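# Understanding the architecture of this molecule
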Amino acid sequence: MSTSHSTLDALLDEVWAKSVDWTGRTGRAGHAERLTEHSRATWAAARMIAGRIGTAGVLAGCPAFWALVALAALLHDAGKVAEGFQRQVKLPGHRWGERHEVLSLAYVSLFACGLPADERALVAAGVGLHHRWLCSAGGSGALRDLYPRSADWERKFGHDPDPPPGQPAGQVPLRRHRRLLAWYADQLGVSVPADGDRRLWQRARDQFGELRAAWEQPVDERRGLVAVLLHGAVTLADHSASAHVALHTHLPLPEDYLSGLPYQPYPHQRQAAGTDGHLVLVAPTGSGKTESGLAWASRQLSGMPGQPRVVWVLPYRASIDAAAARFAQDLTPAPGQTAADIGVLHGSAALSVLADAVSEDCAATAVEARKASARAGAMRLFAQRFRVATAYQLLIGAIAGPRYASVLLEQANSLIVLDELHAYDPQTFGRLCACLRLWEELGSRVAVLSATLAPPMVELIRETLRQPLAFHRAPVGTAPDRHRLVLDEQPLTAPASLDLVRSWLGDGHSVLLVANTVATAQALYTALAPAAREAAGVGNPDAALLLHSRFRARDRAIIERRLLTLHSERRPGQPARRGGLVVATQAVEVSLRLDFDRGATELAPIEAVAQRAGRINRLGRHPDGPVPYRVHRGESPHPYQPEALEAAWSALADAPGPVMSEQTIDHWLTLAYRSDWGRRWTDEARRSRDAFDNTFLSFTEPFTDREEFLDGLRESFDTIEVLLHDDQPEYERLTTGPDGHALLGAGLLIPIRYSQWRALDTTGTVGRRIPVVDAPYSPETGLDLSRTDRRTGTVTRPGDTIL
């Protein structure tokens, strides 16, 4: 007697992919997502991703790529048909103990059997490895270790005559399997494949054997890269479908951006807008570099496949919120929105949601609620077509694997703008150069924007890229002379230096002081804030402000808004003296359009000295003409190399003056990088580029776990985000509960150096290993890392930081 079609459909209605959503996080409260629903949604998301990336770069040589992604996306969760998994998502506390994606390989065997072996191996990787690595030197739950050749596959995925308590004897009822098989065939528009005389567990075992044979040993670099990209496409499609968040199609950047500027474009902006392909642009601060980068990006859109994404890369995590806010205000919102939707990727919070988003599905518990939140949060990292990020957040894509392959994929068919590339140390500069070549292979185009790009940096970029590179420099006279350089052997903290600043404040000038470390900035602020407030008079709470990275992110954002209100770019006709004091670290150099009457800085590497000058008389509109800009030797070279500072001081002393021009800055750069220090810097950057390329960007073992390198990569950027002990209750409220996720808690995190974190009292962790620390904090001055010895009264500070 035959079974009716409605009865067969009812069979699949009871096959769940996700547990009941009692939190409403997915927008489907009280709904258990069926396997057929999720499979269809993931399949559709894969097609959306294909529409975004198209046949860019290396993918042009793999015409079947997106068809393989789509097939893998459709089949990736087929193994959830198992009764053990069904009990796991339906019964709180129940654990199956097997990997559903391994059983999914049986359906790859059925539906991909007609494909060439190399294409079937790609589909199998996308299906079987979307949660875990294949291999791991450390034995950290990689599939090869979970399912060795001696594994009893029949007991695990077929029939177990003596099952453990609570586990079924048989995993996949025949009627359920045949109905699912028919459903997949219907979706694909193919005939239902014949089971033959092989059981599902046998097919899964044999396909897993093929998977191991294809990917256990090193493969050709290009094949490995294609495999990682397919892996990323499947995991991204899974994230999108699980979160019920679609990729955006609207790009806030119009194709003819330059024509919309409210002023006559500069010549270098027109050159950028006329460039096809890679670009290096050197232009003075305040001459519209950002607009030049946007004009370049808009030019590229019509010549690229799919729907290219713009990724704006900044050197400092502390500056990305300000940049994102500026783009949100200046670019074109989607219909029905009031501001452009700009993606922002924060370090620790982003790692947390990416990690949680690929964890195992389970019943409706707090863990599952966290995962649902993570899926939605992860898609916030990928949905937008315009994103602001730091270099670390792109480099982490080189780790690949279930967590980070999607980060690498999104760098394909993109327009990547590296803003102020000069700001990196030689190791990071070299790594980014290695990525330039990878991005080129992924079909992306790159623009490098800077006011201070030394000749060796340009040469390194040229020798790295294979495609033509356009180099444009703003013509002489683009920026007026804005500064009179004064070199001072005394530290900025010396009594005479402080008295001079007090006199500036007393005369009503707005003053910017830039220190090399947070501790020095805090000391200067403490010493000078009373004078600034006295000069401003009663009722001005913003007469003195302190800015560095060691604030909670949300507190720093408030300070930045106050800064932009009080010290915005000078307009024609404004009075010569605007008053107020700002003490900052290098965090002030990027993204903030600030303008002061007077300025002084501690001696720093030559690019930093020039960049800091760009915040003083920024547009050359001060009625006094060129204004004083003082450079003081510091009491200690820390945190810089002494040789870098000596090269900078020698260049500053050699340059003609005292009036600084853009040609003066070019002269400084040439002199500094001709020194022994400059030659060593260049050699170190080149070695770093080649080492990173060989270690991380070859992908000859695309599915061997390399997350052991993650901490090393993070430590090489010398930054970790911490949470104050007193903020832990609020963080838990923001990141848990019905509406919580890790990204909401990012505003409470504070970046510090690894060495400083190790010197603090760590009271525990939250989320994915975010340390909780006990240290004094003020919204006015930030985190205080000093420690007082109770016996001697001596105050010590762990090695201080530049930001």
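The text that follows walks through the structure, step by step, so that each part is easy to find.

What counts and how
Residues numbered from 1 in each chain as written. Predicted model: local features only at pLDDT ≥ 70, side-chain atom pairs only at ≥ 80, totals over all residues. Heavy atoms only, no water. Helix = DSSP H or I, 4+ residues; strand = E, 2+ residues; numbered from the N terminus. Buried < 20%, exposed > 50% of the residue type's maximum accessible area, 1.4 Å probe, protein only. Contact = heavy atoms within 4.5 Å. Areas by Shrake-Rupley, 256 points an atom, 1.4 Å probe, with all protein chains shown as cover. Disulfide = S-S within 2.5 Å. Core = buried A, V, L, I, M, F, W, Y, C linked by side-chain atoms within 4.5 Å. Phe/Tyr/Trp six-rings, centres within 6.5 Å; stacked < 30°, edge-to-face > 60°. Lys NZ or Arg CZ within 6 Å of the ring centre and 35° of its normal. Expected span 1.5 Å × (residues − 1). Arc of directions from axis to C-beta. Pairing = 2+ DSSP bridges. Axes fitted to C-alpha atoms, helices over the stretch in contact; angles between N-to-C directions. Polar contact = N/O pair within 3.5 Å; in protein donor to acceptor, adjacent residues only side chain to side chain. Right-handed = clockwise from strand over helix to strand, strands pointing away.

## Things to note about the overall build of the protein chain
The number of helices and strands found in the protein chain is 30 helices and 24 strands. Each of the 803 residues in the protein chain was classed as buried or not, and the buried ones make up 61%. Considering only contacts within the protein chain whose residues lie at least 6 apart along the sequence, 77% involve residues at least 24 apart. Taken as a whole, the protein chain presents about 29,600 Å² of accessible surface, with 51% of it coming from carbon and sulfur.

## Digging into the state of the cysteines
Where two cysteines share a covalent bond between their sulfur atoms, that bond is called a disulfide. Overall, the coordinates contain zero disulfides when judged by the stated rule. Counting only cysteine sulfurs, Cys435 is the nearest neighbor of Cys433, a cysteine outside any disulfide, at a range of 9.4 Å.

## Here we look at unusual backbone geometry
With omega at 10°, the peptide bond leading from His638 into Pro639 counts as cis. Structurally, the position occupied by Pro639 is in the loop between strand S15 (627-632) and helix H25 (642-654). You will see that Asn617, though not glycine, has its phi angle at about 50°, which is positive. For Asn617, the location among the structural elements is in the loop between helix H24 (606-613) and S15. Looking at Asn617, the relative accessible area reads 2%, which means it is buried.

## Section: the nonpolar core
Among the nonpolar cores identified, the biggest contains 204 residues, and Tyr107, Tyr184, Trp215, Phe429, Trp439, Ile461 and Trp668 are the most heavily contacted of them. Contacts of Ile461, omitting those with residues within four sequence positions, involve Val280, Leu421, Phe429, Cys433, Leu436, Val448, Leu453 and Leu469. Leu251, Ala297, Leu331 and Ala423 belong to the second largest nonpolar core, which has 37 residues in total.

## Points about the packing of aromatic side chains
One pass over the structure, following the stated rule, counts 19 aromatic pairs. With centroids separated by 5.6 Å and ring planes inclined at 40°, the aromatic side chains of Trp153 and Phe157 adopt a geometry described as tilted. In this pair, Trp153 and Phe157 are both assigned in helix H8 (residues 153-157), four residues apart and thus about one turn of the helix distant. Pair check on accessibility: Trp153 and Phe157 agree, each one buried. Aromatic ring contacts, followed pair by pair, group Trp96, Tyr147, Trp153, Phe157 and Phe208 into a single cluster. The ring of Trp43 has Arg47 sitting right over it, with the charged end atom 4.6 Å from the ring centre.

## Observations regarding helix H5 (residues 100-111)
Because each turn of an α-helix spans 3.6 residues, side chains separated by three or four positions end up pointing in the same direction. End to end, H5 covers 17 Å across twelve residues, agreeing with the expected 16 Å (1.5 Å per residue, within 8%). When you tally the buried positions in H5, you get twelve out of twelve residues, the bulk of the element. For H5, the complete set of buried residues consists of His100, Glu101, Val102, Leu103, Ser104, Leu105, Ala106, Tyr107, Val108, Ser109, Leu110 and Phe111.

## Description of helix H27 (residues 676-696)
For H27, with 21 residues, the first-to-last C-alpha span of 30 Å sits near the 30 Å given by 1.5 Å per residue. Where H27 is concerned, the buried positions are Trp677, Gly678, Trp681, Thr682, Ala685, Ser688, Arg689, Phe692 and Phe696. Down the axis, H27 shows its buried residues gathered within 140° of arc, on one side only. Facing away from the buried surface of H27 by more than 90 degrees, the exposed residues are Arg687 and Asn694.

## Describing the sheet that holds strand S10 (residues 483-488)
If you walk across this open sheet you meet the seven strands as S12-S13-S11-S14-S15-S10-S16, and the pairing is mixed. Edge strands, defined here as strands with exactly one partner in the open sheet, are strand S12 (544-547) and strand S16 (659-660). Judged from the four bridges that link them, strand S14 (residues 598-602) and S15 form a sheet pairing that is parallel. Opposite Glu602, over in S15, you have His632 as the bridge partner. In the packing of helix H23 (residues 553-566) onto the sheet, the strands contacted are S12 and strand S13 (581-584), and the crossing angle to S12 comes to about 130°.

## Focus: the environment of Arg577
Tracing the chain through its elements places Arg577 in the loop between H23 and S13. Put simply, Arg577 and Asp507 are 70 residues apart on the chain and 7.8 Å apart in space, counted from C-alpha to C-alpha. In this structure, Arg577 is in contact with Asp507, Gly508, His509 and Asp597, ignoring residues within four places of it in sequence. A polar side-chain atom of Arg577 sits 3.0 Å from the main-chain carbonyl oxygen of Asp507.

## Considerations on the pairing of S13
In S13, alternate side chains face the same way, and those of Leu581 and Val583 on one face and Val582 and Ala584 on the other are all buried. As paired elements, strand S11 (residues 511-514) and S13 share four bridges and run parallel to each other. Within S13, the position partnered with Leu512 by the bridge is Val582. Assessed by its sense of winding, the connection that carries the chain from S12 through H23 to S13 is right-handed.

## Observations regarding the sheet that holds strand S18 (residues 750-752)
Backbone-to-backbone hydrogen bonds pair the strands of a sheet. The strands run either parallel or antiparallel. What the four strands build is an open sheet, ordered S18-S17-S20-S19; its pairing is mixed. The two strands at the open ends of the sheet, each matched to only one other strand, are S18 and strand S19 (761-766). On average, adjacent strands in this sheet sit at an angle of 45° to one another, irrespective of strand direction. The pairing of S19 with strand S20 (residues 770-774) spans five bridges and is classified as antiparallel. Along S20, the bridge assignment pairs Thr765 with Pro771. Lying over the sheet, helix H29 (residues 728-735) contacts strand S17 (720-724), S19 and S20, oriented at roughly 110° with respect to S17.

## A word on the side chain of Ser109
Structurally, Ser109 is set in helix H5. Within the structure, the side chain of Ser109 is placed 3.0 Å from the side chain of Arg203, a separation counted as a polar contact. Among residues more than four places away in sequence, those in contact with Ser109 are Arg198, Arg203 and Gln207.

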